Amino acid sequence: MKNPTKVITSKSVRFSYANLLTPKSPVEGAEPVYSVSLIISKDDKFTIDRINKAIEAAYEEGANKLKGNAKVVPPLASLRTVLRDGDVDKADDEAYKNSYFVNAKSKTKPGIVDADCNPILNPEEEIYSGMYGRASITFYVYNTGMSKGIACGLNNVQKIMDGDRLGGRASAEYDFREESDPDDDFLD
């Protein structure tokens with residue numbers, strides 16, 4: 001039976017803040033997690049529709065957890081949305097323009113494959129913020145007593161193609177292949 005809270009995105013999702021190889025603490029003192037911000041073009045109706053349906057399914061499945069000790073389940077619209085508008089929430093970041101985004105995380109390392117579903121042999125070089133691919137994500141409710149909402153779990157990722165690196169850091173290959181050395185004549 002298909003899990004209604006699970007989504008496999010389209011192939012055109014861009015990865016940002018890609019902490020897919022080593023877990024990092026989101027805040028000081030917190031448990032380290034693997035995480036990624038998935039940038040989804042507003043034109044990608046396929047992925048956006050699937051995410052909205054999965055959020056609704058997670059809300060329905062987790063109604064009792066959301067209710068907690070209260071008399072009623074809070075309406076979905078009152079919960080912090082996990083599908084956020086990049087034009088609003090990341091207005092100063094060009095990479096998020098005309099896009100939605102979802103932050104996904106996991107305590108366990110996600111599986112990572114290439115476009116042909118083969119393991120990536122040099123992940124330190126090939127996995128980075130700015131690449132494009134697909135992600136397997138699952139939505140679930142949380143109720144910590146202090147806050148309630150719907151979160152996004154990260155399952156696996158598939159790199160489909162390279163993209164411009166985000167965050168301003170270029171690869172060593174790019175830096176040294178593209179830049180001619182003024183000292184080339186030094187050894188002559």
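Residues numbered from 1 in each chain as written. Predicted model: local features only at pLDDT ≥ 70, side-chain atom pairs only at ≥ 80, totals over all residues. Heavy atoms only, no water.

Let's talk about the overall build of the chain
Then, number 1: What the chain contains, in helices and strands, is 5 helices and 8 strands.
Then, number 2: Residues counted as buried form 38% of the 188 residues belonging to the chain.
Then, number 3: Partitioning the contacts of the chain with sequence separation of at least 6, the portion at a separation of at least 24 is 68%.
Then, number 4: Summing over all exposed atoms, the chain offers an accessible surface of approximately 11,900 Å²; the carbon and sulfur share of this is 49%. (Helix = DSSP H or I, 4+ residues; strand = E, 2+ residues; numbered from the N terminus. Buried < 20%, exposed > 50% of the residue type's maximum accessible area, 1.4 Å probe, protein only. Contact = heavy atoms within 4.5 Å. Areas by Shrake-Rupley, 256 points an atom, 1.4 Å probe, with all protein chains shown as cover.)

A look at unusual backbone geometry
Then, number 1: One non-glycine residue with positive phi stands out, namely N98, at about 55°.
Then, number 2: In this structure, N98 sits in the loop between α3 (86-89) and β5 (99-106).
Then, number 3: Despite not being glycine, C117 has its phi angle at roughly 70°, a positive value.
Then, number 4: Checked against the element boundaries, C117 lands in the loop between β6 (111-113) and α4 (123-126).
Then, number 5: Given the relative accessible area of 54%, C117 is considered exposed.

A word on the environment of I120
Then, number 1: One can find I120 in the loop between β6 and α4.
Then, number 2: Beyond its immediate sequence surroundings of up to four residues, I120 is in contact with I112, V113, D114, E126, I127 and K159.

Describing the packing of aromatic side chains
Then, number 1: Counted by the stated rule, this structure contains 1 aromatic pair.
Then, number 2: Centre to centre, the rings of Y96 and F101 are 5.1 Å apart; their planes meet at 80°, and the pair counts as edge-to-face.
Then, number 3: Its relative accessible area of 0% is what places Y96 among the buried residues.
Then, number 4: Owing to a relative accessible area of 1%, F101 belongs among the buried residues under this scheme.
Then, number 5: Across from the ring centre of F101, 5.8 Å away, lies the NZ or CZ of K90, which sits over that ring. (Phe/Tyr/Trp six-rings, centres within 6.5 Å; stacked < 30°, edge-to-face > 60°. Lys NZ or Arg CZ within 6 Å of the ring centre and 35° of its normal.)

Description of helix α1 (residues 45-61)
Then, number 1: Along its 17 residues, α1 runs 24 Å from first to last C-alpha, staying within 8% of the 24 Å computed at 1.5 Å per residue.
Then, number 2: For α1, the full list of buried residues reads T47, I48, I51, A54, I55, A57, A58 and Y59.
Then, number 3: For α1, the elements touching its buried residues are β1 (6-8), β3 (33-41), α2 (63-67), β5, β7 (132-143) and β8 (148-161). (Expected span 1.5 Å × (residues − 1).)

Some thoughts on the pattern of salt bridges
Then, number 1: Per the stated rule, a full pass over the model turns up 5 salt bridges.
Then, number 2: With a shortest N-O distance of 3.8 Å, E31 and K107 are connected by a salt bridge. Of the two residues, E31 sits in the loop between β2 (13-24) and β3 while K107 sits in the loop between β5 and β6, which places them 76 residues apart along the sequence.
Then, number 3: Its relative accessible area of 62% is what places K107 among the exposed residues. (Salt bridge = Lys/Arg side-chain N within 4 Å of Asp/Glu carboxyl O.)

Topic: the nonpolar core
Then, number 1: Residues L20, V36, I51, V102, I137, F139 and I150 are the most contacted members of the largest nonpolar core, which totals 33 residues.
Then, number 2: Those elements giving two or more residues to this core turn out to be β2, β3, α1, β5, β7 and β8.
Then, number 3: The dominant element in this core, judged by the number of residues it contributes, is α1, at 6 residues.
Then, number 4: Non-local contacts of I150, meaning those with residues more than four positions away in its chain, are made with I55, A58, Y59, L76, L79, R80, V82, F139, Y140, V141 and Y142. (Core = buried A, V, L, I, M, F, W, Y, C linked by side-chain atoms within 4.5 Å.)

Observations concerning the pairing of β2
Then, number 1: The pairing of β2 with β7 spans 2 bridges and is classified as antiparallel. Paired with R14 across the strands is Y132, a residue of β7.
Then, number 2: The pairing of β2 with β3 spans 5 bridges and is antiparallel. The residue bridging S16 from the neighbouring strand is S37, located in β3. (Pairing = 2+ DSSP bridges.)

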